[in-house]
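Now for the letters of each chain:
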Amino acid sequence: MTKVNMNLKYDDLVNKIKTYIHDEKELKKIDEAYQYALLSHAGEKRLTGDPYIGHPLNVAYILTDMNADSNTICAGLMHDLLEDGHHTKEELREKFGDDITNLIDGITVINRLNFSGDKQSVIANHRKILVGLSEDVRVIFIKLADRLHNMRTLWVHPEHVQKEKAKETLDILTPIAHRLGMSHIKGELEDLCLRYLKPDVYFSIVEQLNQTKNEREHFVDEMKESVSELLNKEGIKHEIKGRAKSIYSIYKKLDKGKTFSNIYDLYALRVYVDKKEECYQALGIIHSKYRPMPKRFKDYIAMPKTNMYQSLHTTVFGIHERLFEIQIRTYEMDEIAENGIASHWSYKESGSGVKASLQNAMEQKLQFFKSIIELKDELTNDEEFVNSVTKEILNNNVYVFTPNGDVIELPSGSTPIDFAYRVHSNVGDHMVGAIVNDNIVPLDYVLQNNDIVKINTNKNSVGPSKEWLNIAFTTQAKNKIRSFFNKIDKQEYQKRGEEILNKELRKRKVGFNEFFSSENVETLLSELKCETLEEIFMNVGNGKFPVGSVMNIIYSETETKEDLILKRTQNKEIKLPTIKTDVIVEGISDIKVNVASCCKPVPGDDIIGYITKGSGITVHRMICPNIIEEHERIIPVHWNHQILKKYPTSILVEARKEKNTLLDIISKTSNHDIVVEGIKTLKSSDNDLYEITVVVTHLDVLKKFMNDIDMIPNIIKVERMIQ
Ligand code: MN
């Protein structure tokens, strides 16, 4: 592991870079980036008291541990220049080009995300990191390097900041590092997190390791020598290193209930050879002398882990009856085991070509990456996205096999349905059954590690059942099942919509092709903001577009608002309102008051009350002939100052027979204080006679309306009705 280097010099960085970057132009560019950052940060200090430039220098150095390309190193050196407002993107773009500037911009965006805010914003920010992964993984490399150096100097912060940063690192960044196969950086981050989150546990493990250090080293050295001798005898060129278990991994084992001495029994060695075959040869040689412990042998060479890790693992009964865990791998495998996807830099490319080849490698080699991309496209809700990624992709998984031996990684709890949809949507959609380890299993069977899963499909199957939504575990499978049904529903709505339109057109005696002439279709598409005719059908079918409104787009010129009112009001019965507070009865407060249906008074009319037998008071117009003789039943009433309701009243209109008289009358109601509620055509001989019922707020409005009607040329007479 890289030692914390407080006094890292620029020369150290340059020397490290020169071990793998030899192009003079690139080295010069890195130098320019460093000088630029140095000048920009001049005079600034970190909380540690060190000159600020030490931070970007260390970040760049950590990036060289991943063999980063020159642009990523440049961006690492300048990663804080946008954040602190030293420079603008335009300045950087002009001096260092698009690729470097985009990287710096990317890391600035991520560094500005706040993970201590409310849940929603934390989730939204979490998503940005995950999505950032899928856009340019180099930004995540810089983020990891930046965080690693900040974690190494975390002691300078107050305790609550330490805990917050450590938790965030453990929640978000180490799972990502793990998935990217970057075990080197992941291991150091985890140990640092533990040191700040559980200092007592951390330091107790450190102390116990120290106490047993001498004994451990002694046994490991002795075993190393013995194994080395065996391999030399067989002529296998190799190197062997003692391997320190990470403090975090010991903590995890303690956490699972093991005792320290128990874990501690596990002495660890790692054997490096040149070629893959030599891994197996070395294994055989070691097993021939030291008996392997049953069930502890793992061949991750033939079956790499889903983060690309390759190695042979075995645990043997070694010298002095100690258990030794031995890993055997080639140097190339070791590079991938340590740096994961970051060992896939392409030095033939430069700039965004590097990005493309890395992204390509991610797509080819990392299953989880494909899942993130799919989820990113399907889910719009931040919380759903982050939950599915963290729960289903970054967390506990089972590893199962296709009949060909391909490893498929799924979250624990997954069923054959999840497996089928992970392989391909078509496999899921046509699945009719599943066979696990040669046995037929029900679809809700929960997959176990190392299950061999075969999905039976039938091309003629009608598709998934809705019940599968309850059985499937992964969001991915559920989304695919849902989208299957959405597609089906869509087709059905389309068919229904077309039928509805057809029926309406038959009713109107319009031909389907006539209505959907190419000219009309163009109008409909633009008015309804649809892309295709099918989309219109679908929206009529699902009720989003009422069929009438679709018709009206084409026929709107012939059917006016007046036509609509006319339709609504022909021969409609009018209800008379009961009055609560609009009319005041002298001397009586709590009595039922109705308006009289014979003369239909409106506010502003002179009125009088008539005491009925058993149903309160009826209000008539003063001039109403129906109450003249009944003095003893008459009681004074008057309108309140504030009238709440509108009142219906009827007028009689006589007109010469001519077209459109009613439309002319209705067109006089554009004033909102008067509404035509009903129209009755009364019998007449020479002229048309209409009873028009309107509701009005006040007599004045009514008078104006009647005046307006009177002005229409063919009107003979307008008067209020009393029956
Ligand atoms: Mn930084």
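Residues numbered from 1 in each chain as written. Predicted model: local features only at pLDDT ≥ 70, side-chain atom pairs only at ≥ 80, totals over all residues. Heavy atoms only, no water.

Below, the discussion takes up the overall build of the protein chain. The helix and strand tally for the protein chain stands at 29 helices and 21 strands. In terms of C-alpha radius of gyration, the protein chain reaches 42 Å, well past the compact-globule figure of 27 Å for 723 residues. In terms of overall dimensions, the protein chain has C-alpha extents of about 135 × 70 × 55 Å along its principal axes. Taken over 723 residues, the protein chain has a buried fraction of 49%. Pairs at least 24 apart in sequence give 67% of the contacts found in the protein chain among residues at least 6 apart. Summing over all exposed atoms, the protein chain offers an accessible surface of approximately 37200 Å²; the carbon and sulfur share of this is 49%. (Helix = DSSP H or I, 4+ residues; strand = E, 2+ residues; numbered from the N terminus. Rg over C-alpha atoms; globule rule 2.2 N^0.38 Å. Buried < 20%, exposed > 50% of the residue type's maximum accessible area, 1.4 Å probe, protein only. Contact = heavy atoms within 4.5 Å. Areas by Shrake-Rupley, 256 points an atom, 1.4 Å probe, with all protein chains shown as cover.)

Let us look at unusual backbone geometry. Look at Glu-321: it is not a glycine, yet its phi comes out positive at around 55°. Inspection of the secondary structure assignment puts Glu-321 in the loop between strand S4 (312-317) and strand S5 (323-330). Even without being a glycine, Asn-437 presents a positive backbone phi close to 50°. Structurally, Asn-437 can be placed in the loop between strand S8 (431-436) and strand S9 (439-441).

Around the manganese ion, the donor atoms from the protein are His-55 (NE2), His-79 (NE2) and Asp-146 (OD), and they sit 2.2 to 2.3 Å away. Counting residues between consecutive donors of the manganese ion along the chain gives the motif H-x23-H-x66-D. With His-55 in helix H3 (residues 54-65) and His-79 in the loop between helix H4 (70-77) and helix H5 (89-112), this residue pair connects regions lying 24 residues apart in the sequence. Grouping residues by exposure puts His-55 and His-79 together as buried. (Donors = N, O, S within 2.8 Å, 3.2 Å for Na, K, Ca; no water.)

This brings us to the sheet that holds S9. The strand order S9-S8-S10 describes an open sheet built from three strands, whose pairing is antiparallel. The two strands at the open ends of the sheet, each matched to only one other strand, are S9 and strand S10 (453-457). On average, each strand axis in the sheet is tilted by 35° relative to the strand beside it, whichever way the strands run. The sheet contact formed by S8 and S10 spans five bridges and is antiparallel. Bridge pairing links Ala-434 to Ile-455 in S10. (Pairing = 2+ DSSP bridges. Axes fitted to C-alpha atoms, helices over the stretch in contact; angles between N-to-C directions.)

How big an interface is tends to be stated in terms of the accessible area lost upon association of its parts. Looking at the assigned domains, one finds that the protein chain contains domain 1 (10-197), domain 2 (209-356), domain 3 (482-557), domain 4 (583-639) and domain 5 (647-720). Taken over C-alpha atoms, the centre of domain 4 sits 26 Å from the centre of domain 5. Across the contact, 10 residues belong to domain 4 and 11 residues belong to domain 5. Looking only at domain 4, the three residues that lose the most surface to domain 5 are Lys-600, Val-602 and Pro-603, adding up to 60% of its buried area. Connecting domain 4 to domain 5 are one salt bridge. Of the charged contacts in the structure, one is a salt bridge between Asp-605 and Arg-720, with a shortest N-O distance of 2.7 Å. Here domain 4 is connected to domain 5 by five residue pairs in polar contact (both at pLDDT 80 or more). Taken together, the residues that form the side of domain 4 that touches domain 5 break down as six nonpolar, one polar and three charged. (Domains from an automatic or database assignment. Buried area = accessible area lost by both parts, 1.4 Å probe. Salt bridge = Lys/Arg side-chain N within 4 Å of Asp/Glu carboxyl O. Polar contact = N/O pair within 3.5 Å; in protein donor to acceptor, adjacent residues only side chain to side chain. Nonpolar A, V, L, I, M, F, W, Y, C, P; charged D, E, K, R; others polar.)

Its 12 residues place the ends of H3 17 Å apart at the C-alpha level, agreeing with the 16 Å of an ideal helix rising 1.5 Å per residue. Judged by how many residues are buried, H3 sits mostly within the fold: 11 of 12 residues are covered. Residues of H3 that are buried include every one of His-55, Pro-56, Leu-57, Asn-58, Val-59, Ala-60, Tyr-61, Ile-62, Leu-63, Thr-64 and Asp-65, and no others. On its buried face, H3 is in contact with helix H1 (10-18), helix H2 (24-40), H4, helix H7 (137-152), helix H9 (183-197) and helix H15 (331-339). (Expected span 1.5 Å × (residues − 1).)

Now for the sheet that holds strand S18 (residues 647-655). Ordered by their spatial adjacency, four strands build an open sheet running S19-S20-S18-S21, and the pairing between neighbours is antiparallel. Each having just a single partner strand, strand S19 (674-682) and strand S21 (715-720) make up the two edges of the open sheet. Looking at each pair of strands side by side, their axes are set apart by 25° on average, direction ignored. As paired elements, S18 and strand S20 (residues 688-696) share nine bridges and run antiparallel to each other. Within S20, the position partnered with Glu-654 by the bridge is Leu-689. Sitting on the sheet, helix H29 (residues 699-710) is in contact with S18, S19, S20 and S21, with an inclination near 165° to S21.

Moving on to the environment of Val-653. Topologically, Val-653 is positioned in strand S18. Note: C-alpha distance between Val-653 and Lys-490 (163 residues apart in sequence) is 53 Å. Ignoring sequence-local partners within four residues, the contact set of Val-653 consists of Ile-665, Asp-688, Leu-689, Tyr-690, Ile-692, Ile-709, Ile-715, Lys-717 and Val-718.

A word on the nonpolar core. For soluble globular proteins, nonpolar side chains are generally found buried alongside one another. Counting residues in each nonpolar core, the largest one holds 80 residues, and the members touching the most others are Met-66, Ile-73, Leu-77, Met-78, Phe-141, Leu-180 and Ile-185. Per-element tally for this core: the top contributor is H7, with nine residues. Formed jointly, this core draws a minimum of three residues from each of two domains, domain 1 (10-197) and domain 2 (209-356). Contacts of Leu-77, omitting those with residues within four sequence positions, involve Leu-13, Ile-30, Ala-33, Tyr-34, Ala-37, Pro-56, Leu-57 and Ala-60. Judged by nonpolar contacts, the second largest core, of 35 residues, contains Val-619, Leu-662, Tyr-690 and Val-701. (Core = buried A, V, L, I, M, F, W, Y, C linked by side-chain atoms within 4.5 Å.)

Turning to the packing of H1 against H2, a few remarks are in order. In the contact formed by H1 and H2, the axes pass within 12 Å of each other and the chain directions differ by 155°. As summarised for this structure, H1 and H2 are arranged roughly antiparallel, according to the angle between their axes. Here H1 runs over H2; the crossing is right-handed. The segment H1 lies against H2, with Tyr-10, Ile-17 and Lys-18 engaging Leu-27, Ile-30, Asp-31 and Tyr-34. In the contact of H1 with H2, the residues fall into five nonpolar, no polar and two charged. (Parallel < 35°, antiparallel > 145°, perpendicular 65-115°, else oblique. Left-handed = near helix turned anticlockwise from the far one by under 90°.)

Quick look at the pattern of salt bridges now. This model, assessed by the stated rule, comprises 26 salt bridges. Measuring nitrogen to oxygen at the nearest pair gives 3.0 Å for the salt bridge that ties Arg-138 to Asp-136. In this structure, the salt-bridge partner of Lys-167 is Asp-171, at a minimum N-O distance of 2.7 Å. A residue pair is termed a helical-turn pair when its members lie 3 or 4 positions apart in one helix, as Lys-167 and Asp-171 do in helix H8 (residues 159-179) at four residues. On the basis of relative accessible area, Lys-167 is assigned to the partly exposed category, the value being 45%. Among the charged side chains, a network of salt bridges with common partners joins Asp-69, Asp-99, Asp-136 and Arg-138.

Locating Lys-186 in the fold gives a position in helix H9. Setting aside residues no more than four positions away along its own chain, Lys-186 makes contact with Thr-174, Ala-177 and His-178.

The next subject is a nonpolar patch on the surface. The grouping of Met-622, Ile-623 and Ile-722 at the surface amounts to a nonpolar patch, some 280 Å² of accessible area in total. Following the sequence through the fold, Ile-623 ends up in the loop between strand S15 (617-621) and strand S16 (634-635). In this structure Ile-623 comes out as exposed when scored by relative accessible area, which is 58%. (Patch = residues over 30% accessible without salt bridge, like charges linked within 9 Å, V, L, I, M, F, W, Y side chains within 5 Å.)

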